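# Observations on the three-dimensional arrangement
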Amino acid sequence: MEYDYVSFRSEMDFHNKCCGGMIWCIRDICGIICAILTWFLILYAEFVVMFIILIPTSYSLYSLANMIIFQSCTFLAFTSHLRTMFTDPGAVPKGNATKEMIKQMGFREGQVIFKCPKCCSIKPERAHHCSVCQRCIRKMDHHCPWVNNCVGENNQKYFVLFTFYIAAISLHSLFLAANQFLTCIRTEWRDCTAYSPPATVVLLLFLIFEALLFAIFTAVMLGTQVQAIWNDETGIEQLKKEEARWVKKSRWKSIQAVFGRFSIGWFSPFAGPTPKTKYENYLYSV
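What you see is a predicted model, and the numbers here were worked out from it, not measured in a lab.

Looking now at the pattern of salt bridges. A complete count under the given rule lists three salt bridges for this structure. Across the pair Glu237 and Arg126 runs a salt bridge, and its minimum N-O distance is 2.9 Å. Placement of Glu237 in helix H6 (residues 235-240) and of Arg126 in the loop between strand S4 (121-122) and strand S5 (127-130) is noted, with a sequence separation of 111 residues between them. Since its relative accessible area comes to 0%, Glu237 is described here as buried. Overall, Arg126 belongs to the buried group, its relative accessible area being 12%.

So, in structure tokens, the structure goes:
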């Protein structure tokens, strides 16, 4: 569905925003708790890997190399989580389906307009309403409590990177913890850790459990997201088995629509997704 708009102005929408409307934030207590728990689990893995496994080791080159790899992936995972959490996923302007606003928009005569009765907005194609965000989200894939936000058109790249880097540090932690166990078994436990043997065993076992659980969970989620992008179909569209009324992109174009042209920026949470055209920015301006 295409819209032809005439020029109009709208007031700044502060719904789901903080810091004077500069940052997108969802005030959902369950999502906030899950996001804080995510940070806590990352910090726990950071503590065990650094202070139980790597720093006490006598193999300086082994320790240094693993420190660089683990710290880099942890930083990128944490940054990806924050970008996913505080990025507007593609919210449709709330309350723009009023008669006054519609009169200012240049619709063709007889053109069908889809409205969302819950947030009173003109609903673009492939947009779905999120009951938690209380907004219609463009190309909404799902609402994820772990990032306290919807995964949609504007932040799907960051969510994919989040799952990728969490899976990476989980597998890395699993390898380091298992290797530490074998090392301590072959030598004296008191010589391979700065903590008591019982405390070390408990910390390593919990790290292995956490790493194994999140490696499986995030790897499955990563595969699901890549498949959805590859097929140009969101999670909700797959779940509802919606018939594709839109022109599907090729697989490579679908990937580029999320990550942009292939470059090192694909793996960076600091590089944003493909910029929208002036027409799209105007169409969805808040």
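Turning our eyes to something else, we now look at the environment of Lys249. With respect to the secondary-structure elements, Lys249 resides in the loop between H6 and helix H7 (251-259). On the accessibility criterion, Lys249 (39% relative accessible area) is partly exposed. For the pair Lys249 and Trp230, spaced 19 residues apart in sequence, the C-alpha to C-alpha distance is 9.2 Å.

Moving on: the confidence of the model for the protein chain. Scored by pLDDT, the protein chain comes out at a mean of 85, with 84% of its residues at no less than 70. Of all helices and strands in the protein chain, the one with the weakest mean pLDDT is helix H8 (residues 278-283) (44), whereas strand S8 (residues 149-151) scores best (97). In the model, residues 1-10 has pLDDT below 50 throughout and makes 37 contacts with residues more than four positions away in sequence or in other chains. Segment residues 277-286 is flagged for pLDDT under 50; beyond a separation of four residues in sequence, or across chains, it makes 20 contacts in the model.

Between the first and last C-alpha of helix H5 (residues 197-230) there are 48 Å, a value that for 34 residues agrees with the 50 Å anticipated at 1.5 Å per step. One or two positions beyond H5, positive phi appears at Asp232, with a value near 50°.

This part is about the nonpolar core. Counting 29 residues, the largest nonpolar core has Val48, Ile53, Ile166, Leu204 and Leu207 as its most contacted members. No other element matches the ten residues that helix H1 (residues 29-54) contributes to this core.

Another aspect to go through is the packing of aromatic side chains. Counted under the stated rule, the structure contains eleven aromatic pairs. Here Trp39 and Phe78 contribute two aromatic rings whose centre-to-centre distance is 6.1 Å and whose plane-to-plane angle is 55°, an arrangement assigned as tilted. Linking Trp39 in helix H1 with Phe78 in helix H2 (residues 60-85), this pair joins segments that are 39 residues apart in sequence. On the basis of relative accessible area, Trp39 is assigned to the partly exposed category, the value being 23%. Measuring from centroid to centroid gives 5.1 Å for Phe164 and Tyr165, while their planes differ by 70°, and the two rings are edge-to-face.

What counts and what doesn't
- Residues numbered from 1 in each chain as written.
- Predicted model: local features only at pLDDT ≥ 70, side-chain atom pairs only at ≥ 80, totals over all residues.
- Heavy atoms only, no water.
- Salt bridge = Lys/Arg side-chain N within 4 Å of Asp/Glu carboxyl O.
- Helix = DSSP H or I, 4+ residues; strand = E, 2+ residues; numbered from the N terminus.
- Buried < 20%, exposed > 50% of the residue type's maximum accessible area, 1.4 Å probe, protein only.
- pLDDT = per-residue confidence, 0-100.
- Contact = heavy atoms within 4.5 Å.
- Expected span 1.5 Å × (residues − 1).
- Core = buried A, V, L, I, M, F, W, Y, C linked by side-chain atoms within 4.5 Å.
- Phe/Tyr/Trp six-rings, centres within 6.5 Å; stacked < 30°, edge-to-face > 60°.

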